[in-house]
Amino acid sequence: MKITGIRTFLMHVGQPDPANWASDQRSSSGASKQFGGTRNWLFLKIDTDEGITGIGECSGWPRVVETAIHDLAPLLIGEDPAHIERLWQKMHITMMGHGMLGTVGGGAMTGIDMALWDIKGKALGVPVWMLLGGKVRDRIPIYSHANTPERALAIKARGIKAIKCGGVADPVRKVAALREAVGDDMDIAIDLHGPPWLTPADACRLVRALEPYELMWVEDPIAPENIDGYRRIRDAAHVPLAAGERSATIFGERELIEKELVDVIQPDTGRAGGITQMKKIAAMAEAHHIQMAPHSGSLGPVAEYAALHLLAAIPNALILERLDDDWDGRRQTIVPHPQQVDGLIAVPDGPGLGCDIDEAFVARFPSNGNVSVPQSAGAYNPGTDNEHLYVQTRQSRRTYFNR
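Residues numbered from 1 in each chain as written. Predicted model: local features only at pLDDT ≥ 70, side-chain atom pairs only at ≥ 80, totals over all residues. Heavy atoms only, no water.

1. Focus: the overall build of the protein chain
Put simply, the rule reads: The helix and strand labels rest on DSSP assignments: H or I over at least four residues marks a helix, E over at least two residues marks a strand, and numbering proceeds from the N terminus. The size measure is the radius of gyration over C-alpha atoms, and the globule rule it meets is 2.2 Å times the number of residues to the 0.38 power. Whether a residue is buried, partly exposed or exposed follows from its accessible area with a 1.4 Å probe, protein chains only, as a fraction of its type maximum: under 20%, in between, or over 50%, in that order. Per-residue accessibility takes into account occlusion by the displayed protein chains alone, with areas from the Shrake-Rupley method and a 1.4 Å probe. The charge count includes Lys and Arg as positive and Asp and Glu as negative, but it does not include His or the ends of the chains. Where a charge lies is defined by one atom per residue type: Lys uses NZ, Arg uses CZ, Asp uses CG and Glu uses CD.
The helix and strand tally for the protein chain stands at 14 helices and 17 strands. Taking 403 residues into account, the globule formula puts the C-alpha radius of gyration at 22 Å, and the protein chain, at 20 Å, falls close to it. For the protein chain, the spread of C-alpha atoms along the principal axes amounts to about 65 × 40 × 40 Å. In the protein chain, which comprises 403 residues, the share counted as buried stands at 57%. Of the accessible surface of the protein chain, which amounts to about 15900 Å², a share of 53% is contributed by carbon and sulfur atoms. Across the protein chain, 41 positive and 50 negative side-chain charges occur, with their mean positions spaced 2 Å apart.

The structure is reproduced here in structure tokens:
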């Protein structure tokens, strides 16, 4: 079997309703929650001379990733898609001259790698999870997003047993209100969104204040480059920490895992380097008693399928992030749409990934932009929103930490 071509499918996606999304961020472009936003999904298909087509999904700046895929395509055309590891290494060494692998390169390699696994599964007539060693579990637990008690209670009524809120404008009060609403039989996590809101000193103070609520984890409390800052936070508070969505490959996640700076590692299923790398990251994490909870907050449904196969096959799978109601078009994009019951999703059993996209539906939503300057209500120091700082020390600490 030989690869004959790679096709890409880029679509503009409706923005999640802020009430349903674990973030208090807003776009500086004044985007509406529908199609004035900047969220894009990028899918690809790899065709072969035997009529088998593999599907994948890429994230990490989709409009730019699409260009990277077409630049890599000549390296893959004519190759046997069965040799996934060798092709992954070929792509990686090709990019080395451009500098350290970032989310654009990681995103391009992820979609290609995902599609190669899909092809192999289809060629052998087995699901991808079988190629990864077989199933550890038949169903995958999920968590959803909630920033208000009303949203949290609606999620609880659907049988989902975990939620995540977000933002740093008033995080302790937000968590307290959610805990009071849902009681003790539901897990709560909070995403602090990394930069630019908190330095390690600020994060230490905030995480200590969150200790009484017995959170599932505190996510991205500081900028991802500040690896040593995670040690300060771990020494300051007894709260599980989670991070890793902004890095790609085993090399990007290595320090968080080897230094045991997190309890939960969160590689993004669309930009971490593909199923090949996700499996290796999971194994590294297992050796350090770290759990795996893939990031998928902004991803489309093909990456979700890939995550289901991975989490079915690894022992240290914790939970899957899922925004099943972020945009009505999600269900129309994928065939079949995953079905969840009581906060669990059944592991797919079809050959390969077991899914496809509706190409005609995707084509109805061409991309019209993919960048914006993030802002977060109440997260910056008052009066500094327009400075757009990446690092900022919190002022008025007495007021902020004693609300």
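From this point, things continue past the structure.
2. Regarding the side chain of aspartate 220
What counts, and what does not: Under the rule applied, a polar contact is a pair of N or O atoms within 3.5 Å (in protein, one hydrogen donor and one hydrogen acceptor; residues adjacent in sequence only if both atoms are side-chain atoms). Residue contacts are defined here by distance: any two heavy atoms, one from each residue, within 4.5 Å place the two residues in contact.
For aspartate 220, the location among the structural elements is in the loop between strand 8 (217–219) and helix 8 (227–236). Polar side-chain contacts of aspartate 220 include one of 3.0 Å to the side chain of arginine 246. Setting aside anything within four residues of it in sequence, one finds aspartate 220 in contact with Asp191, Leu192, His193, Gly194, Tyr230, Ala242, Ala243, Gly244, Glu245 and Arg246.

3. Describing the side chain of arginine 322
Assignment of secondary structure puts arginine 322 in the loop between strand 12 (320–321) and helix 12 (329–333). Among the residues examined, arginine 322 registers a relative accessible area of 2% and is labelled buried. Side-chain polar atoms of arginine 322 contact the side chain of glutamate 304, separated by 2.6 Å. Arginine 322 has contacts with Ile142, Tyr143, Ser144, Ser296, Glu304, His337, Pro338, Gln340 and Ile345, leaving out every residue within four places of it along the chain.

4. A look at helix 10 (residues 275–287)
What counts is decided by this rule: A helix is expected to span 1.5 Å multiplied by its residue count minus one.
Over its 13 residues, helix 10 runs 19 Å from end to end, which matches the ideal 18 Å to within 8%, given 1.5 Å per residue. Looking at helix 10, one finds that the buried residues are Ile275, Thr276, Gln277, Met278, Ile281, Ala282, Met284 and Ala285. Backbone geometry just downstream of helix 10 places histidine 289 in the positive-phi region, at approximately 60°.

5. Let's talk about the UniProt feature "domain: Mandelate racemase/muconate lactonizing enzyme C-terminal" (unreviewed entry) in the protein chain
As a reminder of what qualifies: UniProt positions are given in the numbering used here, feature names are shortened, and annotations may be inferred rather than shown by experiment.
Per the UniProt entry, the sites bearing "domain: Mandelate racemase/muconate lactonizing enzyme C-terminal" (unreviewed entry) are residues 149–240 in this numbering. In the segment residues 149–240, helix accounts for 46% and strand for 14%; the C-alpha atoms at its two ends are 23 Å apart.

6. Comments concerning the packing of helix 9 (residues 249–258) against helix 10
Any two packed helices are characterised by the angle at which their axes cross and by the distance between the axes. The line we're drawing: Orientation is described by axes fitted as lines to C-alpha atoms, over the contacting stretch for helices, and by angles from 0 to 180 degrees between their N-to-C directions. Relative orientations are named as follows: roughly parallel for angles under 35 degrees, roughly antiparallel for angles over 145 degrees, roughly perpendicular for angles from 65 to 115 degrees, and oblique for any other angle. Rotating anticlockwise by less than a right angle from the far helix to the near helix defines a left-handed crossing, while the corresponding clockwise rotation defines a right-handed one. Note on residue categories: nonpolar means Ala, Val, Leu, Ile, Met, Phe, Trp, Tyr, Cys or Pro, charged means Asp, Glu, Lys or Arg, and polar means any other residue, Gly included.
Contact geometry of helix 9 with helix 10 gives a least axis separation of 10 Å together with a crossing angle of 20°. In terms of axis orientation, helix 9 runs roughly parallel to helix 10. In this structure, helix 9 meets helix 10 at a crossing whose hand is right-handed. Contact with helix 9, carried on its side by Thr249, Ile250, Glu253, Arg254 and Ile257, involves Gln277, Lys280, Ile281, Met284 and Ala285 of helix 10 and no other residues of that element. Per-class residue counts for the contact of helix 9 with helix 10 are five nonpolar, two polar and three charged.

7. Notes on the sheet that holds strand 1 (residues 3–12)
Cut-off, in case you're wondering: Being paired, for any two strands, means DSSP has found at least two bridges between them.
Strand order in this open sheet of three strands is 1-3-4, and the pairing throughout is antiparallel. Both outer strands of the open sheet, strand 1 and strand 4 (53–58), are each paired with one neighbouring strand and no more. Neighbouring strand axes in the sheet, compared pairwise and without regard to direction, differ in orientation by 20° on average. Looking at chain direction, strand 1 and strand 3 (residues 40–48) are connected through nine bridges and run antiparallel. Across the sheet, phenylalanine 9 pairs through a bridge with phenylalanine 43, a residue of strand 3. Each of strand 3 and strand 4 touches helix 11 (residues 301–313); the most contacted strand, strand 4, lies at about 100° to it.

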